[in-house]
Amino acid sequence: MLNTNDYELLKENFIASQALFMKLRSVVYHASNIEYDGVGFYVDEEKMYKRHREKLRLKIFQSISAALTLYDIKLLENKDDASYTLTLMLSFRDIQSLLRIDFTEENTLDIIQLS
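Residues numbered from 1 in each chain as written. Predicted model: local features only at pLDDT ≥ 70, side-chain atom pairs only at ≥ 80, totals over all residues. Heavy atoms only, no water.

Student: Is there a simple way to think about a negative patch on the surface in this case?
Tutor: Taken together, Glu35, Asp37, Asp44, Glu45 and Glu46 make up a surface patch of like negative charges. Taking the relative accessible area as the measure of exposure, aspartate 37 reaches 31% and is therefore partly exposed. (Patch = residues over 30% accessible without salt bridge, like charges linked within 9 Å, V, L, I, M, F, W, Y side chains within 5 Å. Areas by Shrake-Rupley, 256 points an atom, 1.4 Å probe, with all protein chains shown as cover. Salt bridge = Lys/Arg side-chain N within 4 Å of Asp/Glu carboxyl O. Lys, Arg positive; Asp, Glu negative; His and termini not counted. Charge placed at Lys NZ, Arg CZ, Asp CG, Glu CD. Buried < 20%, exposed > 50% of the residue type's maximum accessible area, 1.4 Å probe, protein only.)

So, in C-alpha cells, the structure goes:
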C-alpha cells in the first residue's frame, strides 16, 4: 500500500522514534513483572505503568501521523497489555492496510504488513 517515498518516510520515522519504542518496551516489561500481593499495593504501580504505556503509544502514533499526512491512521488497541506490539490501520482512498510493529527484541523493530 505504501509507495516508495511513503515507505522511506515511515522508515525514517521509526528510526527517529527508536527511543520511544525502547521506553515503551521497558514499561511493558516492568508492567508484566509487577509483584502482586494480597493487600493491593500493586494497584498504584499498575496504574502508573498503564499511564506511561498509553502516553508512549500516543507519542509514537502522533509521530507516525505527522510523517504520513496523506493517510488516515488509527492506532488499534492491544488485547493484552503485556504485548510488545503496536497495530496500526492505515487508510488511503478506500485502501486499508494493517501494520504490526513488534518491538520485542531490544533495539529492533519488526514491521509486518498484515493486509
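Student: I'm lost on helix α1 (residues 4-16) in this one. Help?
Tutor: Three or four residues apart is the spacing at which side chains of an α-helix point the same way, because the helix has 3.6 residues per turn. Compared with the 18 Å implied by 1.5 Å per residue over 13 residues, the 18 Å span of α1 between its first and last C-alpha is a close match. Taken as a whole, α1 has its buried residues at Asp6, Leu10, Asn13 and Phe14. Looking straight down α1, one finds its buried side chains confined to an arc of 100 degrees; they lie on one side. Exposed and oriented more than 90 degrees from the buried face of α1 are Thr4, Asn5, Glu12, Ile15 and Ala16. (Helix = DSSP H or I, 4+ residues; strand = E, 2+ residues; numbered from the N terminus. Expected span 1.5 Å × (residues − 1). Arc of directions from axis to C-beta.)

Student: Please clarify how the pattern of salt bridges should be interpreted in this entry.
Tutor: One side chain can pair with another of opposite charge once the charged atoms of both are near each other. Scanning all chains against the criterion turns up two salt bridges. Here arginine 57 and glutamate 54 are joined by a salt bridge, their closest N and O atoms 3.6 Å apart. Taken together, the positions of arginine 57 and glutamate 54, both in helix α3 (residues 42-67) and three residues apart, correspond to about one turn of that helix. Given the relative accessible area of 4%, arginine 57 is considered buried. Between glutamate 77 and arginine 57 there is a salt bridge, and its shortest N-O distance comes to 3.7 Å.

Student: What's the story with the sheet that holds strand β4 (residues 110-113) in this structure? I'm lost.
Tutor: In a beta sheet, neighbouring strands pair by backbone hydrogen bonds and run either parallel or antiparallel. Spatial strand order, β1-β2-β3-β4: four strands in an open sheet with antiparallel pairing. Bordering the open sheet on either side are β1 (72-76) and β4, each of which pairs with just one other strand. Within the sheet, the average angular offset between the axes of one strand and its neighbour, ignoring direction, is 25 degrees. Judged from the five bridges that link them, β1 and strand β2 (residues 85-92) form a sheet pairing that is antiparallel. Directly across from aspartate 72, in β2, lies its bridge partner serine 91. Sheet strands touched by α3: β1, β2 and β3 (95-102). Its angle to β1, the strand with the most contacts, is close to 165 degrees. (Pairing = 2+ DSSP bridges. Axes fitted to C-alpha atoms, helices over the stretch in contact; angles between N-to-C directions. Contact = heavy atoms within 4.5 Å.)

Student: Help me understand the packing of helix α2 (residues 18-32) against α3, please; the structure alone is not making it clear to me.
Tutor: Packed helix pairs are specified by the crossing angle of their axes together with the interaxial distance, meaning the distance between the axes. Contact geometry for α2 and α3: axes closest at 9 Å, N-to-C directions at 155 degrees. In terms of their interaxial angle, α2 and α3 are classed as roughly antiparallel. Where α2 crosses over α3, the handedness of that crossing is left-handed. Across the interface between the two elements, Leu20, Phe21, Lys23, Leu24, Val27, Val28, His30 and Ala31 from α2 touch Tyr49, His52, Arg53, Leu56, Arg57, Lys59 and Ile60 from α3. (Parallel < 35°, antiparallel > 145°, perpendicular 65-115°, else oblique. Left-handed = near helix turned anticlockwise from the far one by under 90°.)

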